[in-house]
Amino acid sequence: MKTKVNRFITALLVMAMFFALTGCSGTPADDTNEPGTQGASTGEEIVSSKDTMTVAIDREPQSMDPTATNISITCTIVSQIFDTLLDFDPDMNIIPSLAESYEQIDDVTYKFNLRKGVKFHNGEELKASDVVFSLKRANEKPVSRAYTQEIDMEGFETPDDYTVIIRTKEPYAAFYQSLCVSRLSIVNEKATLEAENDVNSNPVGTGPFKFASWTAGDNVTIERNDDYWGETAKLKQVVFRIITEQSSRVVEIESGGVDAALVLPAVDYERLEDNEDIDLELYTSHYVRYIAFNTTQDSLADKRVRQALNYATDIDTIRDVLYTEKGAQKATTPVPPGIEGRHEDLAQYDYNPEKAKELLKEAGYDNDLEISFTYLGNTTNTLMGEMLQEQWKDVGVILTLNPLESGALTENANNMRQEVMPVRSAYSIGEAGEGLMKLFHSSNHGPGGSRVNYTNPRVDELLETAKVTMDENERNEMYREVQEIVHDEALMIYLCYEYTSVALGSKVRGFNPIPTERIDYSTIYFVE
Amino acid sequence: MLKYIIRRVLMLIPVMLGVSLVVFTLMYITPGNPAEILLGEEGGSKEAIELLEEEMGLNDPYIVRFGRFIWNLVSKGDLGTCYATRQPVSQRIAQTFPNTLKLAGLSVGLAVVIGVVLGIVSAVKQYSIFDNVAMALAMLGTSMPNFWQGLLLMILFSIHLQWLPASGFSSFKHMILPAVTIGTSSAAVIARMTRSSMLEVIRQDYISTARAKGQSEIVVILRHALKNALIPIITTVGIRFGVMMGGAVLTESIFAIPGIGKMMVDAIKARNYPVVQGGVLVIALAFSVVNLIVDILYAFADPRLKSQYR
């Protein structure tokens, strides 16, 4: 009996292998049930009564406390439950949210008029005191305080319940943008004070969805807030299922087990696009991937060596192999496209091994430069390391691979012990200064998050001045100069601007992602 | 017998203490700082890291931290708070461990049924075609990586046939694919063990005696042969089940099962000390209990052993 079973299983597995290998996108059994609706995005569609959406997400959220969020999926979930004073629209314009209107009174003073009648999920009305409380609280928390550092904590004023005056310590050009991050969400003072430790299990916000449940390792569920101050959400419930394995997320969206799947492997893009039941959305987001040279290491302190390594790298090949042509854009500067202050006229270093050899010789190396590549040990990074190893060998550089797991890697980088390291950096407020400051200002070495650990008084000065310069053109000019210096100094090899991928069931409508990788679920609905 | 069990249960206390000490020390000397990891690859600032370290109680000396852990555990039954989700560790374990138990029970149950039957028939019909094919399949079953088998099963049953959900663990239907994935590889081991153990017993004189006195073949095989061949089989099954108590990391990842294995791996990566300590304690406890049950089962399989249990 066992043989039969086993034979049966073997037969099935062989069949499965066949399907997998031929990349057969098949004709799922229920394909015939719904003819003619595919690809129809015209006005003829009938809104479906389906109002629960299941989304496959790639990792466990960090917290339901907005102040403790710094990865995109956590920010997304939290931003469904909470609102901020101001917000970004899908084009990254600043729009009013809890603040109905706002004005700048002088260089450091801003006045916000709150929307009236906004109710928290516990029934309390939004008051000016909640805003002050939330910002003060965010200033106490390790993750969120990076965004409150410019706010003068003694300078709040609340002339009445619906007006808040906020002062910055000095003029701050990106102040409005900084108020849009989910870390500065407005929480309910009363609920939070009563149960500080429960913010995580019972978050009380004003957002279009209410928190329903969180089963660690399994799912987070949110439900529609029928008393929402804006347009109420079309979905009644959104279930975020935690599926860490990327191939499993792909299987789930292909089998129709989920309505959306986030963060997909680039190698599957083509197959997903060919599938009629799935819409693959690829959109630019505010991330840059690069290989950082730690300039505090002896050999890498020499600009010629860094330039040589740039010339020695066939970056187009690496990008196409690792992130595919569909999955990523060529990168020419550390600031991703679509961000104000980006330098549009820089070019990536060309692939020129001869020039690399010359530069290395000039720097005093004769086929004897040894460098280590420190990275998070996953498939993509290992492949990247091997390709670099091969390419750099041609110019006489010996690259040793040093894979680490995340904990050891972070410790290594924070103590500036690495030499060459692949990094991904985010611009969470859609403004050049934030990212450039973090990457190139000398105060951000090591624990500050800079992996190039670069020191240049001119760059420091430009960044500091730009931050307090209110004139847009002047400011962007300074950011462009920083990018020029950084480019000439060859502090990093730009890998790519990777697209963010979301696979949606073909019946999903109203999907409007924001380039900061946030998705607003309140506008999403299904059609028949 | 009862005295023996009580003594074994009491012995668990020093074992658990020892396990805690070893795990605590290992985590202490492993490089990596939970505060830095929580702030992410992109880093925070020095103050942010210090603030978090303070919050997590990482600034106290080794002995104070270990003492606090043991004291909270003994006096309040408190395993601490998860650094990542800020939920009590006991709650996280309560959410994950039952899933691991269910998966272990189902897959080992499946493995026992398939493995023992296959093993017996193979032994009885040694060197027949059946035996050869079954043992070849068993070899395949042990050699095939679980994550690969799991993916193949998913592609077939979830995408192409659409019979079963691909991942999750909320209903019996969700449990079938993971249980089959783990079950088949365990079944292979159990089948091989059953076969060799049965072969040894079948050659004994008392089997000939049983046949000579006219017992039917089925009774000879099941009562006389199998019962005496059980000890190694129980050991194998026990070990399999015990190992499963630590979770099946790859299978859990592929099928998105909120089990203890994946929780532990994530916690170790994030240096989430409270979860690692709490998790290891529970796994060690479960493993010890499974061992105890195996020892008790020996006594039933072989009454001669009972007299040794004092």
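For clarity, every value in this text was computed on a predicted model and none was experimentally measured. (Residues numbered from 1 in each chain as written. Chains lettered and ligands numbered in written order. Predicted model: local features only at pLDDT ≥ 70, side-chain atom pairs only at ≥ 80, totals over all residues. Heavy atoms only, no water.)

Draft legend 1. Inspection of the overall build of chain B at higher detail. The secondary structure content of chain B amounts to 14 helices and zero strands. Each helix (α) and strand (β) of chain B, taken in turn from the N terminus, gives the series α-α-α-α-α-α-α-α-α-α-α-α-α-α. Along the first, second and third principal axes, the C-alpha atoms of chain B reach 85 × 55 × 30 Å. Among the 310 residues that make up chain B, the fraction classed as buried is 52%. Surface accessibility of chain B: about 14300 Å² in total, with carbon and sulfur atoms responsible for 68%. Where the 26 positive side-chain charges of chain B centre and where its 18 negative ones centre are 16 Å apart. (Helix = DSSP H or I, 4+ residues; strand = E, 2+ residues; numbered from the N terminus. Buried < 20%, exposed > 50% of the residue type's maximum accessible area, 1.4 Å probe, protein only. Areas by Shrake-Rupley, 256 points an atom, 1.4 Å probe, with all protein chains shown as cover. Lys, Arg positive; Asp, Glu negative; His and termini not counted. Charge placed at Lys NZ, Arg CZ, Asp CG, Glu CD.)

Draft legend 2. A look at the overall build of chain A. Broken down by element type, chain A carries 15 helices and 22 strands. In terms of C-alpha radius of gyration, chain A reaches 25 Å, essentially the compact-globule figure of 24 Å for 528 residues. Seen through its principal axes, chain A has C-alpha atoms that stretch 80 × 70 × 45 Å. Burial statistics for chain A: of 528 residues in total, 58% are counted as buried. A separation of at least 24 residues holds for 70% of the contacts in chain A among residues at least 6 apart in sequence. (Rg over C-alpha atoms; globule rule 2.2 N^0.38 Å. Contact = heavy atoms within 4.5 Å.)

Draft legend 3. Quick look at helix α1 (residues 2–29) of chain B. All names here are of chain B. Over its 28 residues, α1 extends 41 Å from the first C-alpha to the last, a length consistent with the 40 Å expected when each residue adds 1.5 Å. For α1, the set of buried residues is Tyr-4, Arg-8, Leu-12, Met-16, Ser-20, Val-23, Phe-24 and Met-27. For α1, the secondary structure elements touched by its buried residues are α4 (62–76) and α13 (273–301). (Expected span 1.5 Å × (residues − 1).)

Draft legend 4. The arrangement of the domain arrangement of chain A in detail. Residue and element names in this part refer to chain A. We note that the domain assignment places domain 1 (1–60 + 216–283 + 505–528), domain 2 (83–206) and domain 3 (287–498) within chain A. Tallying the contact residues gives eight residues for domain 1 and eight residues for domain 3. Summed over both partners, the interface of domain 1 with domain 3 buries about 590 Å², with 56% contributed by carbon and sulfur atoms. A salt bridge links Lys-326 to Glu-273, with the nearest nitrogen and oxygen atoms 3.4 Å apart. Taken together, the links from domain 1 to domain 3 amount to one residue pair in polar contact (both at pLDDT 80 or more). No other element matches helix α7 (residues 269–274), which puts three residues into the side of domain 1 that touches domain 3. In terms of residue class, the side of domain 1 that touches domain 3 is made up of four nonpolar, one polar and three charged. (Domains from an automatic or database assignment. Buried area = accessible area lost by both parts, 1.4 Å probe. Salt bridge = Lys/Arg side-chain N within 4 Å of Asp/Glu carboxyl O. Polar contact = N/O pair within 3.5 Å; in protein donor to acceptor, adjacent residues only side chain to side chain. Nonpolar A, V, L, I, M, F, W, Y, C, P; charged D, E, K, R; others polar.)

Draft legend 5. Layout of the domain arrangement of chain B. All names here are of chain B. Domain boundaries assigned for chain B yield domain 1 (2–76) and domain 2 (89–309). Inter-centroid distance (C-alpha atoms) of domain 1 to domain 2 is 32 Å. Contacts between domain 1 and domain 2 engage 20 residues on the former and 16 residues on the latter. Taking both sides of the interface into account, the surface hidden between domain 1 and domain 2 amounts to around 1800 Å²; carbon and sulfur atoms contribute 76%. For the interface between domain 1 and domain 2, the tally reads one salt bridge. Of the charged contacts in the structure, one is a salt bridge between Asp-295 and Arg-8, with a shortest N-O distance of 2.5 Å. Inspection of the domain 1/domain 2 interface yields two residue pairs in polar contact (both at pLDDT 80 or more). When residues in the side of domain 1 that touches domain 2 are grouped by element, the largest group, eleven residues, is from α1.

Draft legend 6. Expanded view of the packing of α1 of chain B against α13 of chain B. All names here are of chain B. One can describe the packing of α1 onto α13 by two numbers: an axis separation of 9 Å at closest approach and a directional angle of 150°. Taken together, the axis directions place α1 and α13 in an arrangement best described as roughly antiparallel. Of the two elements, α1 crosses α13, and the hand of that crossing is right-handed. For the pair formed by α1 and α13, the contact residues are Tyr-4, Ile-5, Arg-8, Val-9, Leu-12, Met-16, Val-19, Ser-20, Val-23, Phe-24 and Met-27 on the first element and Tyr-273, Val-276, Gln-277, Val-280, Leu-281, Ala-284, Leu-285, Ser-288, Asn-291, Leu-292, Asp-295 and Ile-296 on the second. Class assignment for the residues of the contact of α1 with α13 results in 17 nonpolar, four polar and two charged. (Axes fitted to C-alpha atoms, helices over the stretch in contact; angles between N-to-C directions. Parallel < 35°, antiparallel > 145°, perpendicular 65-115°, else oblique. Left-handed = near helix turned anticlockwise from the far one by under 90°.)

Draft legend 7. Region of interest: the sheet that holds strand β4 (residues 99–106) of chain A. Residues and elements named next belong to chain A. As summarised here, the arrangement of the four strands in space is β4-β5-β7-β6, forming an open sheet in which the pairing is antiparallel. Of all strands in the sheet, those with a lone pairing partner are β4 and β6 (157–160), marking the two edges. Taking the axes of each pair of neighbouring strands and ignoring which way they run, one obtains an average angle of 20° across the sheet. Where helix α3 (residues 128–140) meets the sheet, its contacts fall on β5 (109–114), β6 and β7 (163–167), and the angle it forms with β7 comes to roughly 30°. (Pairing = 2+ DSSP bridges.)

Draft legend 8. Expanded view of the pattern of salt bridges. All names here are of chain A. Per the stated rule, a full pass over the model turns up 34 salt bridges over all chains. Ionic pairing is found between Lys-190 and Glu-124, a salt bridge with its closest N-O pair at 3.3 Å. Of this pair, Lys-190 sits in helix α5 (residues 189–194) while Glu-124 sits in the loop between β5 and α3, placing them 66 residues apart in sequence. Judged by its relative accessible area of 28%, Glu-124 falls in the partly exposed class. In the salt-bridge network here, residues are joined through shared partners; they are Glu-254, Asp-268 and Arg-271.

Draft legend 9. Fine view of the interface of chain B and chain A. Of the residues lining the interface, 57 residues belong to chain B; the matching set on chain A comes to 61 residues. A combined buried area of about 5000 Å² lies between chain B and chain A, and 60% of that area is made up of carbon and sulfur atoms. Applying the counting rule to chain B against chain A returns one salt bridge. The shortest N-O distance in the salt bridge between Arg-271 of chain B and Glu-405 of chain A comes to 2.6 Å. Among the elements of the structure, α2 (34–39), α3 (46–56), α5 (89–124), α6 (129–143), α7 (146–160), α8 (172–202), α11 (249–254) and α12 (260–269) of chain B are those that each provide at least two residues to the side of chain B that touches chain A. Here the side of chain B that touches chain A takes eleven residues from α7 of chain B, the largest share from any one element.

Draft legend 10. Representation of the confidence of the model for chain B in the model. All names here are of chain B. Model confidence for chain B is summarised by a mean pLDDT of 86, while 98% of its residues fall at 70 or above. No element of chain B has a lower mean pLDDT than helix α14 (residues 303–306), at 79, and none a higher one than α5, at 91. For this predicted complex, the interface confidence score (ipTM) comes to 0.82, while the overall pTM stands at 0.84. (pLDDT = per-residue confidence, 0-100.)

Draft legend 11. Spotlight on the side chain of Ser-107 of chain B. Residue and element names in this part refer to chain B. Structurally, the position occupied by Ser-107 is in helix α5. Looking at Ser-107, the relative accessible area reads 0%, which means it is buried. Residue contacts for Ser-107: discarding those within four places in its chain leaves Ala-179, Ile-182, Gly-183 and Met-244.

Draft legend 12. Up close: the packing of helix α13 (residues 432–440) of chain A against helix α14 (residues 457–467) of chain A. Residues and elements named next belong to chain A. With their axes 10 Å apart at the nearest point, α13 and α14 run at an angle of 150° to one another. Judged by the angle between their axes, α13 and α14 are roughly antiparallel. By crossing handedness, the relation of α13 to α14 is classed as left-handed. Residues Leu-436, Met-437 and Phe-440 of α13 form the contact with α14, whose own contacting residues are Val-459, Asp-460, Leu-463 and Lys-467. Of the residues belonging to the contact of α13 with α14, the class tally is five nonpolar, no polar and two charged.

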